[in-house]
Amino acid sequence: QVQLVESGGGLVQPGGSLKLSCAASGFTLDMNNYAIGWYRQAPGKERVGISCIDSSDGITYWTDSLKGRFTVSRGNAKNMVYLQMNSLKPEDTAVYYCATRRSCPEKYYYGMEYWGKGTLVTVSS
């Protein structure tokens, strides 16, 4: 059974950086045959997509305003995907999730097959 586990969240000051990890397991095929997307949900707000990386390391950018600060990448271990977050702002405070499907959808609100439980990022001085 497919499982996704996020880690790396915590408290960080404005302007700081944080790197989140998504560990995937249980895929029938190799991890590189699946796409992983990052999402976030701020308190009282809708969940929105950040970006997605596919099996060929192609990236789909869902939120243009985060394109220069947030970078998704795949690790040397094919079951690991990362989200590097730089120049963090208080409005970045949210629960961050990773999710998977066979390929990156054009729109972030298209359905994903499996979801992690999320990791909380709090940006505050």
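That block above? That's the structure.
Quick caveat, the model's predicted, so the values are computed rather than measured.

Once that is clear, we can look at the state of the cysteines. Disulfide: a covalent bond formed between the sulfur atoms of two cysteine residues. Counted according to the given criterion, the structure contains 2 disulfides. A disulfide bridge connects C22 with C98, and the sulfur atoms are separated by 2.1 Å. On the S-S bond that ties C22 to C98, the torsion sits near 75 degrees, and the link is right-handed. Of the two residues, C22 is situated in strand β3 (residues 18-25) and C98 in strand β9 (residues 94-101); the sequence distance between them amounts to 76 residues. Residue classification places C98 among the buried residues on the basis of a relative accessible area of 0%. The partner cysteine of C52 in its disulfide is C104, sulfur to sulfur 2.1 Å. Between C52 and C104 the sulfur-sulfur dihedral comes to about -85 degrees; the bridge is accordingly left-handed. A residue pair is termed long-range when its members are at least 10 positions apart, and C52 in strand β5 (residues 48-53) and C104 in the loop between β9 and β10 (114-115) qualify at 52 residues. A relative accessible area of 17% places C104 in the buried class. In the chain, the cysteines engaged in disulfides, taken in order along the sequence, are linked 1-3, 2-4.

So, about the packing of aromatic side chains. Geometry of an aromatic ring pair is reported as the spacing of the ring centres plus the angle between the planes. Applying the stated criterion across every chain yields a total of 6 aromatic pairs. Plain terms: the ring middles of Y39 and W62 are 5.1 Å apart, the flat faces sit at 40 degrees to each other, and that makes the pair tilted. Here Y39, found in strand β4 (residues 35-41), pairs with W62, found in the loop between β6 (59-61) and β7 (70-74); they are 23 residues apart in sequence, far enough to count as distant. The buried category is assigned to Y39, whose relative accessible area is 2%. With 6.3 Å between their ring centres and 80 degrees between their planes, Y97 and W115 make a pair best called edge-to-face. Of this pair, Y97 sits in strand β9 while W115 is found in strand β10, placing the two residues 18 residues apart along the sequence. Note on Y97: relative accessible area 14%, which makes it buried. Residue classification places W115 among the partly exposed positions, given a relative accessible area of 30%. Taken together, Y39, W62, Y97 and W115 form an aromatic cluster joined through their ring pairs. For the cation-ring pair, R47 lies above W115, with the distance from its terminal atom to the ring centre recorded as 3.8 Å. Over the face of the ring belonging to Y61 we find K67, whose NZ or CZ atom lies 4.7 Å from the ring centre.

The rules behind each value
- Residues numbered from 1 in each chain as written.
- Predicted model: local features only at pLDDT ≥ 70, side-chain atom pairs only at ≥ 80, totals over all residues.
- Heavy atoms only, no water.
- Disulfide = S-S within 2.5 Å.
- Helix = DSSP H or I, 4+ residues; strand = E, 2+ residues; numbered from the N terminus.
- Buried < 20%, exposed > 50% of the residue type's maximum accessible area, 1.4 Å probe, protein only.
- Phe/Tyr/Trp six-rings, centres within 6.5 Å; stacked < 30°, edge-to-face > 60°.
- Lys NZ or Arg CZ within 6 Å of the ring centre and 35° of its normal.

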